Amino acid sequence: MSKAIALKRLTKEYQSVKKNPDDLIEIRLDEDNMLNVYYILTGSPNTPFEGGRYFGIIKAPDNYPFSPPSIMMYTPNGRFMESTKICLSMSDFHPESWNAGWSVTRTIPMALLSFMNSDEFSSGCVSTTDDAKRRYAERSLEWNCKHPMFKKIFPDRIKEYEQLQKQTNVTKKIENDVVGESDNIENLQTSPLDPEDSIRARKLHSNDENDEKKSNKLVNLTLITAIVIFIGYLLK
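Computed from a predicted structure; not experimentally measured.

Our focus in this paragraph is the sheet that holds strand β1 (residues 25–30). Paired through backbone hydrogen bonds, the strands of a sheet run either parallel or antiparallel to each other. Spatially, the 4 strands line up as an open sheet ordered β1-β2-β3-β4, and their pairing is antiparallel. Of all strands in the sheet, those with a lone pairing partner are β1 and β4 (70–73), marking the two edges. Pairs of neighbouring strands in the sheet enclose a mean axial angle of 25 degrees, with direction left out of account. Across 4 bridges, the pairing between strand β3 (residues 53–59) and β4 is antiparallel. Bridge pairing links Ile-57 to Met-72 in β4.

Below you can see the structure in the form of structure tokens.
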């Protein structure tokens, strides 16, 4: 009977989250075991976690909401140990402080995200540099897409990632082509002519000079002829 109450409560909570989702938190239930609540936390802006996608699980007990759940994060993140229970005041580490009004689909993910951004330390935490956290954030989605449960629970996110990868590869190819074309032009401009090309260039230059000289001679001859005719007209 208690498990039926838990499933009814979780279904109601999930419907509420779907109607009013949070920008930084995405929740899905495992259809094969609805006591398993999976989440994706998006790293908060202006933190080392910004842009990261952190995948994990909140396991509700059979007698939920009268007992607290356990919380784990699977994605390497630099703040929590992977696949290890995290100690929060609203987790199964502290059943004495549990409040049945709290929700595993909203209250706990929000608390976990807040705790992630803090400097507090408890069981399940690790200490790393901000640079390390940023590197984890950059690779988080790629890592998630290799996890079997992520593929099962968030197949749409896999498709989005694959589409993003295709767009990224196309962009890189265009950039490489542009850089390659630019290098070719620069090499063409700076590379010396081979002997045959050099000879052709000198011949063309010489022909241009000869044509210019011939044109100048023709102009001078025409001018002299005009002057002679004019003088002859004056002497008449």
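With that settled, consider the pattern of salt bridges. Applying the stated rule across the entire model yields 11 salt bridges. Salt-bridge contacts for Glu-13 lead to Arg-9; the nearest nitrogen and oxygen are separated by 2.7 Å. Pair noted here: Glu-13 and Arg-9 are both in helix α1 (residues 2–19), with a separation of 4 residues, about one helical turn. With relative accessibility at 8%, the residue Glu-13 sits in the buried group. Accessibility expressed as a relative area gives 22% for Arg-9, which makes it partly exposed.

Rules used throughout
- Residues numbered from 1 in each chain as written.
- Predicted model: local features only at pLDDT ≥ 70, side-chain atom pairs only at ≥ 80, totals over all residues.
- Heavy atoms only, no water.
- Pairing = 2+ DSSP bridges.
- Helix = DSSP H or I, 4+ residues; strand = E, 2+ residues; numbered from the N terminus.
- Axes fitted to C-alpha atoms, helices over the stretch in contact; angles between N-to-C directions.
- Salt bridge = Lys/Arg side-chain N within 4 Å of Asp/Glu carboxyl O.
- Buried < 20%, exposed > 50% of the residue type's maximum accessible area, 1.4 Å probe, protein only.

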